[in-house]
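# Summary of structural features
Next come the chains, spelled out residue by residue.
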Amino acid sequence: MGTINAAFNLITGALDADQAALNVVSNNVANASNASYTREVSNWEENQPIYINGIENGTGVTVTGGISQRDRVLEQRLQQQTQASSSSTALLNALTTLQANFTPASSTNSSGNIGSDITNFFDAYTQLESSPTNSADRQQVLESANTLAGDISSTAANLNAQKSSLDQSAATVASQVNAITTSLAQVNQQIQSLSPNQDAGTLEDERQADLGQLSQLIGVNQITTENNGMSIATASGQLLVSEGSSFQITTGNVDGVTHFFVGSTDVTSDLTSGGGEIGGLLTARDQSIPTTMASLDQLAYGIASQVNTVNNAGTDMDGDNGNAGNIFNAPSQVAGSAASMAVVMTDPNKIAAAGLGNGTGDGSNAVAAANLSTQSIINGQTPLNFYSNFVGTLGATVSETTTQNTALTASVSQLQSQRDSLSAVNLNDEASSLENFQRSYQAASQVFTILNSVMSSALNLGVETAVA
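Below is a summary of the structure that appears in this document. (Residues numbered from 1 in each chain as written. Predicted model: local features only at pLDDT ≥ 70, side-chain atom pairs only at ≥ 80, totals over all residues. Heavy atoms only, no water.)

In the sheet, strand E5 (residues 220-225) pairs with strand E6 (residues 229-234) via 6 bridges, with the strands oriented antiparallel. Within the sheet, the bridge partner assigned to Thr224 lies in E6 and is Met230. Joining the antiparallel neighbours E5 and E6 is a turn of 3 residues, in which Asn227 adopts a positive phi near 60°. (Pairing = 2+ DSSP bridges. Helix = DSSP H or I, 4+ residues; strand = E, 2+ residues; numbered from the N terminus.)

As structure tokens, then:
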């Protein structure tokens, strides 16, 4: 009878184990649409055997729960690539908007085509050469000057507006980072308390989901600590999360732009180069736009300064020699020249088309002004060549960033597929497991029925008796 009782215990354990395995499968199926859920497989453990007369007798198996199918190295690689891809995407979006300011007929470009404006302005002087007293030609010089100055200043205003928008967006991302790091610290504390020595299951899924969201926003490094805890730091090592504690990113105004701090440490440059959406936003704000603005300032400064100098070196229609006045607002320095560029001359008779001391019918000074278009007056280049070169450089940067972004996006997609093949729920696989465990349960049930029949026959002294 002891042997039959042992068999009953063995099969009862098998039924319990199969039921537990079926519960794991059921939980997987229920979470199939949960992107942050990690598939679990049953953890089968052999029960302690017993020895009778020196002979080992097995006592079956037990399912102690589910084991998450997780590759921490793969997940960390995915997070790192996500940081790079997210930064590249944010930068590309900003560069595309920036480039649109210099694209004729662009829906976002209300400032016309500066390249054509430069050509039209100097062409107006060429027209004035042959008819220096013609009022219509003089008026055309002022009108083309107004168009050029207006388009340059409007473009500068667009660039400043975009920089301000990026500044606000980066501050918003920092707030989102703070919310996630607070959540991470709380989950860390729970994991260290409840699962210090093993995978924390759904709590670990929650932590990984937070890390995935954080990787889209900011570049970070993660360090596993004792008791299954984790520390999160910026690329240069400033702690954002230390086990159960989080450290907020704060903001402050420095020279008119938002800077970011952890404690008293300015981490703005760290965040710029670290990755994530905030890295792309800050790269555009602090590097791409200022570089483009500097070139636009040089263009405005060079044209305004040189044209004003030429106009003050000739004779206007009123006979004023050498003091006809400025056509453009005189810039005091290169920085800010584009934003402040404007035409200050309102009287076309003040255009000094004649050479100094010559009669008003002379057009030699108009020739000098027109010749500025072919002279290297801006960083050793003609105005149109300088403009074309810096716009071309911007276009090349956009193209390079587009190529890089495409490669990074593909890399993230590939790593995500690798991660999903291991950790995501596949309903076909679950259906197969469900079938296997159901058959195993049924088989154990049949053995239970047989044992029940044997027990009944034994109790009836071998007389076959129907078992209810």
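Turning next to the sheet that holds strand E9 (residues 249-254). The strands making up a sheet associate through backbone hydrogen bonding, with each pair oriented either parallel or antiparallel. Read across the open sheet, the 3 strands follow the order E9-E10-E11; overall the sheet is antiparallel. Each of the sheet's edge strands pairs with one partner strand only, and the pair in question is E9 and strand E11 (265-266). Strand direction decides the pairing type here: E9 and strand E10 (residues 257-262), joined by 6 bridges, are antiparallel. Looking across to E10, one finds that Val254 is bridged to Val257. Where helix H4 (residues 135-194) meets the sheet, it contacts E9 and E10, and its direction lies at approximately 20° from that of E10. (Contact = heavy atoms within 4.5 Å. Axes fitted to C-alpha atoms, helices over the stretch in contact; angles between N-to-C directions.)

This paragraph deals with the sheet that holds strand E7 (residues 239-242). Strand order in the open sheet formed by 4 strands is E5-E6-E7-E8, with antiparallel pairing between adjacent strands. Unpaired on one side and paired on the other, E5 and strand E8 (245-246) mark the two borders of the sheet. The sheet strands contacting H4 are E5, E6, E7 and E8, and the helix crosses E7 at an angle near 25°.

A few words on the packing of aromatic side chains. As enumerated under the stated definition, the model contains 7 aromatic pairs in all. Here Tyr387 and Phe390 contribute two aromatic rings whose centre-to-centre distance is 5.4 Å and whose plane-to-plane angle is 85°, an arrangement assigned as edge-to-face. Within this pair, Tyr387 and its partner Phe390 are both found in helix H10 (residues 383-423), separated by 3 residues, close to a single helical turn. Each of the two residues, Tyr387 as well as Phe390, counts as buried. (Phe/Tyr/Trp six-rings, centres within 6.5 Å; stacked < 30°, edge-to-face > 60°. Buried < 20%, exposed > 50% of the residue type's maximum accessible area, 1.4 Å probe, protein only.)

Here we take up the nonpolar core. Tyr125, Leu299 and Phe328 are the most contacted members of the largest nonpolar core, which has 77 residues in total. Counting residues per element, this core draws most heavily on H4, which supplies 16 residues. What Phe328 contacts, discounting residues up to four positions off in sequence, is Phe121, Ala145, Ala149, Ile303, Ala304, Val307, Asn308, Met341, Ala342, Val343 and Val344. (Core = buried A, V, L, I, M, F, W, Y, C linked by side-chain atoms within 4.5 Å.)

Moving on, we get to unusual backbone geometry. Its identity is not glycine, yet Glu243 carries a phi of approximately 55°, on the positive side. Inspection of the secondary structure puts Glu243 in the loop between E7 and E8. The residue Asn379 is not glycine, and still its phi comes out positive at about 50°. Among the secondary structure elements, Asn379 is positioned in the loop between helix H9 (364-371) and H10. According to the relative accessible area criterion, Asn379 is exposed, its value standing at 53%.

Let us look at the environment of Tyr387. Looking at Tyr387, the relative accessible area reads 5%, which means it is buried. It is 14 Å that separates the C-alpha atoms of Tyr387 and Pro104, two residues lying 283 residues apart in sequence. Not counting the four nearest positions on each side in its chain, Tyr387 is found in contact with Phe102, Asn113, Ile114, Gly115, Ile118 and Leu299.

Summarising the element assignment, Asp205 is placed in helix H5 (residues 202-217). Expressed as a C-alpha distance, the spacing of Asp205 and Gln418, which sit 213 residues apart in the sequence, is 17 Å. The contacts of Asp205, once residues within four sequence positions are left out, are Ser36, Tyr37, Thr38 and Arg70. Side chain to side chain, Asp205 and Thr38 meet in a polar contact 2.7 Å long. (Polar contact = N/O pair within 3.5 Å; in protein donor to acceptor, adjacent residues only side chain to side chain.)

Here helix H7 (residues 276-311) contains 36 residues, and its C-alpha end-to-end distance of 52 Å stays within 8% of the 52 Å for a straight helix at 1.5 Å per residue. Considering bend angle alone, the principal kink of H7 is centred on Ala284 and spans about 35°. By the criterion of burial, H7 is predominantly enclosed, with 26 of the 36 residues buried. (Expected span 1.5 Å × (residues − 1). Bend = angle between axes of the 7 residues up to and from the residue.)

Before going further, it helps to examine H9. Taken as a whole, H9 has its buried residues at Asn365, Ala366, Ala369 and Ala370. Seen end-on, H9 carries its buried residues on one side only, within an arc spanning 145°. Looking at the packing, one finds that the buried side of H9 touches helix H3 (114-130), H7, strand E12 (314-315) and strand E13 (354-355). (Arc of directions from axis to C-beta.)

In this section: the packing of helix H2 (residues 72-100) against H10. As a packed pair, H2 and H10 sit with axes 8 Å apart at the nearest point and diverge in direction by 150°. As judged from the angle between their axes, H2 and H10 are roughly antiparallel. The crossing of H2 and H10 is left-handed. Grouping the constituent residues of the contact of H2 with H10 by class yields 12 nonpolar, 16 polar and 3 charged. (Parallel < 35°, antiparallel > 145°, perpendicular 65-115°, else oblique. Left-handed = near helix turned anticlockwise from the far one by under 90°. Nonpolar A, V, L, I, M, F, W, Y, C, P; charged D, E, K, R; others polar.)

For the rest of this paragraph, the subject is the pattern of salt bridges. In total, this model carries 14 salt bridges according to the counting rule given. Between Glu75 and Arg70 there is a salt bridge, with the nearest N and O atoms lying 3.9 Å from each other. For the residue pair Glu75 and Arg70, the accessibility class agrees, reading buried in each case. The network of salt bridges with common partners includes Arg70, Arg72, Glu75, Asp199, Glu204, Asp205, Arg207, Arg419 and Asp420. (Salt bridge = Lys/Arg side-chain N within 4 Å of Asp/Glu carboxyl O.)

Here Thr181 lies in helix H4. Under the relative-accessibility criterion, Thr181 is labelled buried at 1%. A polar side-chain atom of Thr181 sits 3.0 Å from the main-chain carbonyl oxygen of Asn178. In contact with Thr181, other than residues within four places in its own chain, are Leu214, Leu240, Val241, Ser246 and Gln248.

What follows deals with the side chain of Thr268. Here Thr268 shows up in helix H6 (residues 268-274). On the accessibility criterion, Thr268 (4% relative accessible area) is buried. For Thr268, the side chain forms a polar contact with the side chain of Asp266, separated by 2.6 Å.

Any functional reading would require information beyond the geometric quantities listed.
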